[in-house]
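# An overview of the molecular structure
So you can see what is in the structure, the chains are spelled out below.
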Amino acid sequence: MTELVFYIQDVILGLPAAALILGVGLFLSIRLGFPQLGLFPRAIRLFFRRMFGGKQEGGVSSFQAFCTALAATVGTGNLVGVAGAICLGGPGAVFWMWVCAFFGMATKYAEAALAVRYRVKTPDGYAGGPMYTMTRGLGLRFCPLAKAYCVFGILAAFGVGNAAQVSAVVTGVNAAVVRLGGEPSRTADLLMGLTLAVLAGFLLFGGAKRVGAAAETLVPIAAAGYILLCIGVLLAFRRRIPGAFCQIFTGAFCPRAVTGGMLGSAFHALCVGCRRGVFTNEAGMGTASIAHACAEAEPAEQGLMGVVEVFLDTIVICTLTALVILVSGVTIPYGTDVGGELTTAAFSQVYGAGASLFLAAALILFAVATILGWGLYGARCSQFLFGGWKGFAAAQTAVVVLGAVLDTETVWQLSEIANGLMAIPNLICLAALSSELSRITKEYKKSGASGSRRRR
């Protein structure tokens, strides 16, 4: 059974999926005039304006929606997934993660813009996402595809967005306990699960507004704290940073030269990097657009927040994790996905035994944020299918407890398959609505140019 799951996972999330996601990203980049380049300065200005723009009454602000989306993407994959990418694909895998992120910015822009364009008004605020974009943008004949997307979304929310995150937290905390001379216990695991479940349940039952408010507080703290930890390591080993970049670029095209022949071809580095890149920023899955649709914003402007989301997730945070590992001097066990152990060992070169505590704290913050973001995604999928979401919120809360005490490896694999299957209907929808995306983008560029002339 396990071998069958792994086989299906390799097919669904392997090279064909990466080629499809990158292909649509390239198509959208060309069709929209590379918004990740031409509109990037405007996106950064908009991000800071929204971040310091103050609170918004009555609805979910653009920045809250952004933080909710970032909460779901900046998860344990940024700490554990990057280490795994380097182990399995060599340092060159990081280069291909950058490539995925570059085209993923255009994809995420498209997802967020269309979600705002085709969202609906509900009693608890705006609701949108690929399922609404399909039915409202392409017509009711696409309703079966939208329902399939929602089914996959609910399954992924239970697994990748919940049980796997809680399991990573428990593993990280137990590792810290062992390093400090303690002994992990199932009772402590259960207490951690119950605590996280109470917190998640309280926020999820409060709806999109409460989730957005929590994400607006949690995500900046978690991201800023982790970035500062990374900067501390990079400052300590600053002379090795140029060599780390050299390993990344050389390893992308000649991995044997960097890994001592322990890993094979550049094609393998490409496959691993693309797969992990898609996993970390989720561009192409359509999930983040569910959060962006809640925002009180115009389509193109919220689309630009999607560009910044991918930039911060992959170009900033994932790159910092990779550099920390490469400059620290720790031995990389190529061919074995050790994940969090390698990241902890790298940070320990500067912070000693305290690195386990720091990373355990980061894992908790990132995991809670991911559970909240994916909780909203699953709730909206449930709302589309069944007209309500409280049943899903109750089930999501229960799964938090199960994730703390049960082996979730198979659940992780199955939910990753569901996550990958979400990309197929979403990417079809994005390509089909590229003309509408082009219209939205051109109008936004014209409005920006007109505004510049008026200011002059």
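So, on to the pattern of salt bridges. Scanning all chains against the criterion turns up five salt bridges. Residues Glu 301 and Arg 50 are paired through a salt bridge, measuring 2.5 Å at the closest nitrogen-oxygen approach. Taken together, the positions of Glu 301 in helix 16 (residues 299-328) and Arg 50 in helix 4 (residues 40-51) put the pair 251 residues apart, joining distant regions of the chain. A relative accessible area of 19% means that Glu 301 is categorised as buried. Among the ionic pairs, Glu 436 bridges to Arg 117, the shortest N-O distance being 2.9 Å. Here Arg 117 lies in helix 7 (residues 92-117) and Glu 436 lies in helix 21 (residues 434-455), a separation of 319 residues in the sequence. For Glu 436, a relative accessible area of 15% gives the class buried. The class for Arg 117 is partly exposed, based on a relative accessible area of 35%.

As a further point, take the environment of Thr 280. Looking at the secondary structure, you find Thr 280 in helix 14 (residues 266-281). Thr 280 sits 199 residues away from Gly 81 along the chain, and the two C-alpha atoms are 7.5 Å apart. Among all residues touching Thr 280, those that are not within four sequence positions of it are Thr 73, Gly 77, Met 97, Asp 313, Thr 314 and Cys 318.

How each quantity is defined
Counting restarts for each chain, with residues numbered from 1 along the sequence as it is written. With pLDDT at 70 or above as the cut-off, local features in this predicted model cover only qualifying residues; side-chain atom pairs require 80 or more to be listed or tallied, and sums for whole chains, interfaces and linings still use all residues. Only heavy atoms go into the side-chain values, all of them from the structure, while hydrogens and water stay out. Should a side-chain nitrogen of Lys or Arg be within 4 Å of a carboxyl oxygen of Asp or Glu, the pair is scored as a salt bridge. Each helix is a run of H or I in the DSSP string that is no shorter than four residues. Each strand is a run of E no shorter than two, and both are numbered from the N terminus. Note on exposure labels: buried denotes an accessible area under 20% of the residue type's maximum, exposed denotes more than 50%, and partly exposed covers the range between, all computed with a 1.4 Å probe on protein chains only. Note on contacts: a residue pair is in contact if any heavy atoms of the two residues lie within 4.5 Å.

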